[in-house]
Amino acid sequence: MVPRYFFLTKGVGRHKDQLGSFEMALRDALIERINLVTVSSIVPPGCKLVTKEKGAQMLKPGEITFVVMTRGATDEPHRLLASLVGVAIPAGKEKYGYLSEHHSFGQTEETTGDYAEDLAATMLATTMGISFNPAVAWDERKQLFKSSGLIIKTANVTQSATGDKGRLWTSVVAAAVLVP
């Protein structure tokens, strides 16, 4: 099975139990009704990015669905956590793209989102022979990658949250959902 579509989604949940908070995060991300199977980081050639709403409508309850997903959880009050997925799509429908996943504590949504997007784009760039300096800031490399004409889109989906002050479990998820 080679997916034809994918969508990016994120969610946050709070509950007295860790599993309950994860379920709430999946509901917030609109993916609680499917069976999730995690896979590695390749966007198949020609696979089209669709909106979360359109992608979720394509899925049936109970369907086995492949995802690149990251999650984090805490029951520590005020602890900052984030989960994110980055994506890099090449020009040309015959080439594959990359997805990267990351979760962190104590980092802002912008910082972690840029990190995952950078990671996906860097993985793709190295497979395409794009010459670059890895020590250069992400914003500069992003422009270089796009101006090469070989990478046409980079993006990320990031969910951050702070731990509940009442010590409820707080969970965050971010995922790229691959749709047949």
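Scroll up a little and you will see the structure.
Predicted model only: the values in this text are computed from it and were never measured.

Q: Teacher, can you tell me more about the overall build of the chain here?
A: In terms of helices and strands, the chain carries 4 helices and 9 strands. Since a compact globule built from 180 residues should have a radius of gyration of about 16 Å, the 17 Å found for the chain is in line with a globular shape. With the C-alpha coordinates aligned to their principal axes, the bounding extent of the chain is approximately 50 × 40 × 20 Å. Counting the 180 residues in the chain, one finds 46% classified as buried. Contacts in the chain between residues at least 24 apart in sequence constitute 75% of all its contacts with a sequence separation of at least 6.

Q: Got a minute to help me understand a positive patch on the surface in this structure?
A: Taken together, the side chains of R4, K48, K54 and K93 define a basic patch exposed on the protein surface. Secondary-structure assignment places K93 in the loop between β6 (80–90) and β7 (97–105).

Q: Could you clarify how one ought to interpret the environment of A73 in this entry?
A: With respect to the helices, strands and loops of the structure, A73 is situated in strand β5 (residues 64–74). For A73, a relative accessible area of 22% translates into the label partly exposed. A73 sits 64 residues away from T9 along the chain, and the two C-alpha atoms are 17 Å apart.

Q: Before we go on, may I ask you to explain the sheet that holds strand β2 (residues 35–38) in this structure?
A: The pairing of strands in a sheet comes from backbone hydrogen bonds and takes either a parallel or an antiparallel form. Spatial ordering of the open sheet is given by β2-β5-β9-β1-β4, a layout of 5 strands whose pairing is mixed. Strands with a single pairing partner mark the edges of an open sheet, and in this sheet they are β2 and β4 (48–49). As judged from the 11 bridges shared by strand β1 (residues 5–15) and strand β9 (residues 169–179), these two strands associate in the antiparallel manner. Note on β9: the bridge partner recorded for G11 is V173. Packed on one face of the sheet, helix α1 (residues 18–28) meets β1, β2, β5 and β9 and runs near 140° to β1.

Q: What exactly am I supposed to notice about the environment of A120 here?
A: Here A120 is to be found in helix α3 (residues 109–127). The spatial distance from the C-alpha of A120 to the C-alpha of S41 is 8.6 Å, given a sequence separation of 79 residues. Beyond its immediate stretch of four places on either side in the chain, A120 contacts G86, V87, A88, Y98, L99 and S100.

Q: Can you help me understand the sheet that holds strand β8 (residues 151–162) in this one?
A: Taken in spatial order, the 4 strands of this open sheet run β3-β7-β6-β8, and their pairing is antiparallel. Each edge of the sheet is formed by a strand with only one pairing partner; in this case those strands are β3 (42–43) and β8. Both β3 and β7 contribute to a ladder of 2 bridges, which runs antiparallel. Each bridged residue has a counterpart across the sheet, and for I42 the counterpart in β7 is Y98.

Calculation notes
Residues numbered from 1 in each chain as written. Predicted model: local features only at pLDDT ≥ 70, side-chain atom pairs only at ≥ 80, totals over all residues. Heavy atoms only, no water. Helix = DSSP H or I, 4+ residues; strand = E, 2+ residues; numbered from the N terminus. Rg over C-alpha atoms; globule rule 2.2 N^0.38 Å. Buried < 20%, exposed > 50% of the residue type's maximum accessible area, 1.4 Å probe, protein only. Contact = heavy atoms within 4.5 Å. Patch = residues over 30% accessible without salt bridge, like charges linked within 9 Å, V, L, I, M, F, W, Y side chains within 5 Å. Areas by Shrake-Rupley, 256 points an atom, 1.4 Å probe, with all protein chains shown as cover. Salt bridge = Lys/Arg side-chain N within 4 Å of Asp/Glu carboxyl O. Lys, Arg positive; Asp, Glu negative; His and termini not counted. Charge placed at Lys NZ, Arg CZ, Asp CG, Glu CD. Pairing = 2+ DSSP bridges. Axes fitted to C-alpha atoms, helices over the stretch in contact; angles between N-to-C directions.

All we've got here are geometric facts, nothing functional implied.
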